[in-house]
There are 2 protein chains.
Amino acid sequence: MKIIIDAMGGDNAPQEIVRGAVDAQSEFGVDIILVGREDEVKKCLADCGAEDNLHITVADAPDVIEMCDDPTSVVTTKKHCSMAVALRLLRDGAGDACISAGNTGALLSGATLIVKRIRGIRRAALAPALPNGGSGALLIDCGANAECTAELLLQFAYMGSFYSQSVLGCESPRVGLLNIGAENNKGTALSREVHALLTEAGASGRINFIGNIEPTAIMENGADVVVADGFSGNIFLKTLEGAAAFVMRSVKGVFYSGVKGKLAGALIASELKGLKTQLSVSEYGGTALLGISKPVIKAHGGSNARAIRSAIKQAIAFVQAGVTDEITRNIEFMKVKDEKNV
Amino acid sequence: MKIIIDAMGGDNAPQEIVRGAVDAQSEFGVDIILVGREDEVKKCLADCGAEDNLHITVADAPDVIEMCDDPTSVVTTKKHCSMAVALRLLRDGAGDACISAGNTGALLSGATLIVKRIRGIRRAALAPALPNGGSGALLIDCGANAECTAELLLQFAYMGSFYSQSVLGCESPRVGLLNIGAENNKGTALSREVHALLTEAGASGRINFIGNIEPTAIMENGADVVVADGFSGNIFLKTLEGAAAFVMRSVKGVFYSGVKGKLAGALIASELKGLKTQLSVSEYGGTALLGISKPVIKAHGGSNARAIRSAIKQAIAFVQAGVTDEITRNIEFMKVKDEKNV
């Protein structure tokens, strides 16, 4: 198996990206293609003592897409950026999966336009795994599609369920619909339409639909897959991140206030650090781009070597799982009759 | 000034409601009407030693609306419940404001159908104040209207801004639009339409519109008023509550694990309790129902005496502020031409 990595994407590129790739190569025995400015990447490899590792190759890409770049520039003005080169290598079969910690919008555009979607899937979705007090909940979509139709949400439910089952190892993933109440009639007209479609899919036994789910219940490990339109999914995700950071800042404040606080802080410093890690959204691995015809993973922009290593591990599982085949086999069940194309 | 209180609403009714009312009466010197089963309420008053307080009267209501009741039952099958009686007293001028800790949907329906909306306001909205690391952010709407038009959101912005200014004492409230990115073109078609309307309102100097705001920025005290449709506003609010509870559970876990953790916990027990209070959404007062022709406040369902006392303090400020008059004076600016009625 060969994993293609955009070595120039993310806040800590290329050093940490390369370091993570080197670690993962030795740990998982996988082949790696690092894409980026060849001299820079090779220097990083040398810094890791991996310049002679035959399982790691470098593909040159003279340009880099920045966070401020327009997402579509990955296929227009910045065709030769590391992300675009990596995605073309994936499309052309040079590797089995692609990872980037760069501009999310650009990765989504690039994956859609270069690698293409699975036939029948109308939109790719971003599916991060979130801390939920259990083994993590997969949120789909978390922001790729602000405006959704019922069919899109039906497809998200299937794709999320298959991914959770085969990649995350959840036997019968409990699929919930993000809503503002648990009762069937809650939410918007779209919520009710999707609820009916998912109930039908649940009755057929193809997914395990457990109904509407509220944010509080998600945090209490109430679902394995949370289906949402990209707008409310993103509000949910960002509130989660913001609230966790807010509370941790407040908790930290306690440990800086007075002698007792400082003493208490010293006693449990390592536990608090562990807690912070446990609550960090980025610790739950990269975000899968579901609906693309080959595995693409968005690693967190702030990824360090450890996060990149985790994303590579996740990419390996993604390739082995055959999610794409399963989606393709079930595509007929993911259609809504008479729905206007979007 | 006279405040009408639904003595039977909420998890701790009537004891804590009555106790809170008695405390507020003596502290703020306000007159109070307690609405509920007369014998029960009088017994509670006697328990507080307030049976002879001439500033507190009891209005009998034989029935109580429950959390499981249909919201509209407040004007249909349960016309004689304490909430309905309280709202009719408000409508008829027997008091200046009404507070209930009961069924939120019923209070919203009752206030709309009995007390009525301000002329020109299309929908009442729920506006709680949330912890944000500063003096609190007012969220409008947090769930009354799952489906919104641009006009509704424009009205929420004005109402929230006036309330924040005159009741919460924020001089020039920074009004932000809840969105999934800060740039002007982010979000849905509705987001963009509302952004344009609020930009116009901001340019006229009637509100201080600061643009789109993401959940993380809200938590960093980035806005005083957050405008949202009821669906995403509710997702935001419940995620905030869920995440805070989740993190506090995890923090608590640290203090139960091992000798060092327990010792640290003992050292800062009171600070942790204070922190919990500080993060509690309910500590930031009751939720104002904005758009109703007279002040109505929803106290948290779990309100204790202290929360009821706070809600009464808030109701007094609400009455004194004259928000309703200000909304009425500006109603012409809150209309969107050619918008379909909803």
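For the structure given in this document, a descriptive report is provided here. (Residues numbered from 1 in each chain as written. Chains lettered and ligands numbered in written order. Predicted model: local features only at pLDDT ≥ 70, side-chain atom pairs only at ≥ 80, totals over all residues. Heavy atoms only, no water.)

**Details of the overall build of chain A**
Piece 1. When helices and strands are counted, chain A shows 12 helices and 12 strands.
Piece 2. Compactness check: chain A gives a C-alpha radius of gyration of 21 Å against a globular reference of 20 Å for 342 residues, within 12% of the reference.
Piece 3. In terms of its C-alpha atoms, chain A occupies a principal-axis envelope of roughly 60 × 60 × 35 Å.
Piece 4. Going through the 342 residues of chain A one by one, you find that 56% of them count as buried.
Piece 5. Sequence-distant contacts in chain A: of pairs separated by 6 or more residues, those separated by 24 or more amount to 72%. (Helix = DSSP H or I, 4+ residues; strand = E, 2+ residues; numbered from the N terminus. Rg over C-alpha atoms; globule rule 2.2 N^0.38 Å. Buried < 20%, exposed > 50% of the residue type's maximum accessible area, 1.4 Å probe, protein only. Contact = heavy atoms within 4.5 Å.)

**Re the side chain of T287 of chain B**
Piece 1. Checked against the element boundaries, T287 of chain B lands in strand β11 (residues 287–290).
Piece 2. If we skip the residues at most four places from it in the chain, T287 of chain B touches L126, A127, P128, V296, I297 and K298 of chain B.

**Some points on the sheet that holds strand β5 (residues 125–127) of chain B**
Residue and element names in this part refer to chain B.
Piece 1. In space, the seven strands of this open sheet follow the order β3-β2-β1-β4-β12-β11-β5, with mixed pairing throughout. The open sheet has two edge strands, β3 (56–60) and β5, and neither has a second partner. The average undirected angle you get between the axes of adjacent strands in this sheet is 25 degrees.
Piece 2. Direction of pairing for strand β1 (residues 2–6) relative to strand β2 (residues 31–36): parallel, over a ladder of five bridges. (Pairing = 2+ DSSP bridges. Axes fitted to C-alpha atoms, helices over the stretch in contact; angles between N-to-C directions.)

**Brief notes about the interface of chain A and chain B**
Piece 1. Each partner contributes to the interface: chain A provides 49 residues, whereas chain B provides 49 residues.
Piece 2. In total, chain A and chain B occlude about 4,200 Å² of area from one another, counting both sides; carbon and sulfur atoms represent 78% of this.
Piece 3. Our count for the chain A to chain B interface comes out at two salt bridges.
Piece 4. Linking chain A with chain B are eight residue pairs in polar contact (both at pLDDT 80 or more), by the criterion used here.
Piece 5. Secondary-structure elements contributing two or more residues to the side of chain A that touches chain B are α6 (189–203), α7 (215–219), α8 (230–256), α9 (258–267) and α10 (269–279) of chain A. (Buried area = accessible area lost by both parts, 1.4 Å probe. Salt bridge = Lys/Arg side-chain N within 4 Å of Asp/Glu carboxyl O. Polar contact = N/O pair within 3.5 Å; in protein donor to acceptor, adjacent residues only side chain to side chain.)

**A few points about the nonpolar core**
Piece 1. Among the nonpolar cores identified, the biggest contains 115 residues, and V35, L87 and F236 of chain A together with L87 and F236 of chain B are the most heavily contacted of them.
Piece 2. In this structure, F236 of chain B is in contact with I235 and T239 of chain A together with L130, L139, L178, P215, I218 and M219 of chain B, ignoring residues within four places of it in sequence.
Piece 3. Of all hydrophobic cores here, the second largest spans 65 residues; its members include I121, V194, L197 and L290 of chain B. (Core = buried A, V, L, I, M, F, W, Y, C linked by side-chain atoms within 4.5 Å.)

**Digging into α8 of chain A**
Residues and elements named next belong to chain A.
Piece 1. Taking 1.5 Å per residue as the helical rise, α8 with its 27 residues ought to reach 39 Å, and the 38 Å between its terminal C-alpha atoms agrees with that figure.
Piece 2. The element α8 is extensively covered by neighbouring structure, given that 21 of its 27 residues are classed as buried.
Piece 3. For α8, the N-terminal capping position is held by D229, with its side-chain oxygen 3.0 Å away from the main-chain nitrogen of F231. (Expected span 1.5 Å × (residues − 1).)

**Topic: the relation of the copies chain A and chain B**
One copy of the chain maps onto the second through a rotation around an axis plus a translation along that axis.
Piece 1. Overlaying chain A on chain B yields an RMSD of 0.0 Å, the required transformation being a rotation through 180 degrees with an accompanying axial translation of 0.0 Å. Given the turn and translation reported, the copies of this chain are related as if by a two-fold rotation axis. Taking the C-alpha atom as reference, chain A places A264 of chain A closest to the rotation axis, 2.1 Å from it.
Piece 2. With an isologous cut-off of 70% or more, the 100% of interface residues of chain A that recur at the interface of chain B puts this contact in the isologous class. (Least-squares fit on C-alpha atoms with pLDDT ≥ 70 in both.)

**What to know about the packing of α8 of chain A against α9 of chain A**
The description of two helices packed together rests on the angle between their axes and the distance between the axes.
Residue and element names in this part refer to chain A.
Piece 1. Direction vectors running N to C along α8 and α9 enclose 115 degrees, while the axes themselves pass 5 Å from each other. Packed against α8, whose contacting residues are V254, F255 and Y256, the element α9 presents G258, G261, K262, A264 and G265 at the interface.
Piece 2. Of the residues in the contact of α8 with α9, the class split is four nonpolar, three polar and one charged. (Nonpolar A, V, L, I, M, F, W, Y, C, P; charged D, E, K, R; others polar.)

**What to know about the pairing of strand β1 (residues 2–6) of chain A**
Residues and elements named next belong to chain A.
Piece 1. Most of β1 sits inside the fold, with four of its five residues counted as buried.
Piece 2. Handedness of the crossover joining β1 and strand β2 (residues 31–36) through helix α1 (residues 15–28): right-handed.
Piece 3. When β1 meets strand β4 (residues 97–100), the two strands line up parallel, connected through three bridges. Paired with I5 across the two strands is I99, which belongs to β4. (Right-handed = clockwise from strand over helix to strand, strands pointing away.)

**Comments concerning the packing of helix α5 (residues 150–166) of chain A against α6 of chain A**
Residues and elements named next belong to chain A.
Piece 1. Interhelical geometry of α5 versus α6 gives an angle of 40 degrees and a closest axis separation of 9 Å. On the basis of the axis angle, α5 is oblique to α6. The hand of the α5/α6 crossing is right-handed. Mapping the contact onto sequence places A150, L153, L154, A157 and Y158 in α5 and L190, E193, V194, L197, L198 and A201 in α6.
Piece 2. By residue class, the composition of the contact of α5 with α6 is 10 nonpolar, no polar and one charged. (Parallel < 35°, antiparallel > 145°, perpendicular 65-115°, else oblique. Left-handed = near helix turned anticlockwise from the far one by under 90°.)

**Some words on the side chain of S164 of chain B**
Piece 1. Along the chain, the position of S164 of chain B falls in helix α5 (residues 150–166).
Piece 2. Those residues in contact with S164 of chain B, other than ones at most four positions away along the chain, are G169, C170, P173, D224 and V225 of chain B.

**Description of the sheet that holds strand β10 (residues 225–227) of chain B**
The strands making up a sheet associate through backbone hydrogen bonding, with each pair oriented either parallel or antiparallel.
Residue and element names in this part refer to chain B.
Piece 1. As summarised here, the arrangement of the five strands in space is β6-β7-β10-β8-β9, forming an open sheet in which the pairing is mixed. Strands at the two margins of the open sheet, each flanked by one partner only, are β6 (129–130) and β9 (208–213).
Piece 2. As judged from the three bridges shared by strand β7 (residues 137–140) and β10, these two strands associate in the parallel manner. Within β10, the residue paired with L138 across the bridge is V225.

**Thoughts on unusual backbone geometry**
Piece 1. Of the consecutive residues A13 of chain B and P14 of chain B, the connecting peptide bond is found in the cis state with omega at -5 degrees.
Piece 2. Relative to the helices and strands, P14 of chain B resides in the loop between β1 and α1 (15–28).
Piece 3. With an omega of 10 degrees, the peptide bond running from I140 of chain B to D141 of chain B counts as cis.
Piece 4. Along the chain, the position of D141 of chain B falls in the loop between β7 and α5.
Piece 5. For N221 of chain A, which is not glycine, the phi torsion reads 60 degrees and is therefore positive.
Piece 6. Of the residues examined, N221 of chain A reaches a relative accessible area of 28% and is grouped as partly exposed.
Piece 7. A positive phi angle, near 75 degrees, is found at K116 of chain B, a position not held by glycine.

**Here's the deal with the packing of aromatic side chains**
Piece 1. For the structure on display, the rule yields four aromatic pairs over all chains.
Piece 2. Above the ring of F333 of chain A, the side-chain terminus of R206 of chain A is found at 3.5 Å from the ring centroid. (Phe/Tyr/Trp six-rings, centres within 6.5 Å; stacked < 30°, edge-to-face > 60°. Lys NZ or Arg CZ within 6 Å of the ring centre and 35° of its normal.)

**Section: the environment of A228 of chain A**
Piece 1. One can find A228 of chain A in the loop between β10 (225–227) and α8.
Piece 2. Placed 106 residues apart in sequence, A228 of chain A and R122 of chain A show a C-alpha to C-alpha distance of 15 Å.

**Considering the environment of I33 of chain A**
Piece 1. Residue placement: I33 of chain A occurs in strand β2.
Piece 2. In contact with I33 of chain A, not counting residues within four places along its chain, are K2, I3, I4, I5, T57, A59, L89 and A94 of chain A.

**Re the pairing of strand β11 (residues 287–290) of chain A**
Residues and elements named next belong to chain A.
Piece 1. Of the two faces of β11, the one carrying T287 and L289 and the one carrying A288 and L290 are both buried.
Piece 2. Where strand β5 (residues 125–127) meets β11, three bridges bridge the pair, whose relative direction is antiparallel. Pairing of A127 across the sheet is with A288, part of β11.
Piece 3. Pairing geometry for β11 and strand β12 (residues 296–298), over two bridges, is antiparallel. Looking at β12, one finds that T287 is bridged to K298.
Piece 4. Linking β11 to β12, which pair antiparallel, is a turn of five residues; within it G291 sits at a positive phi near 110 degrees.

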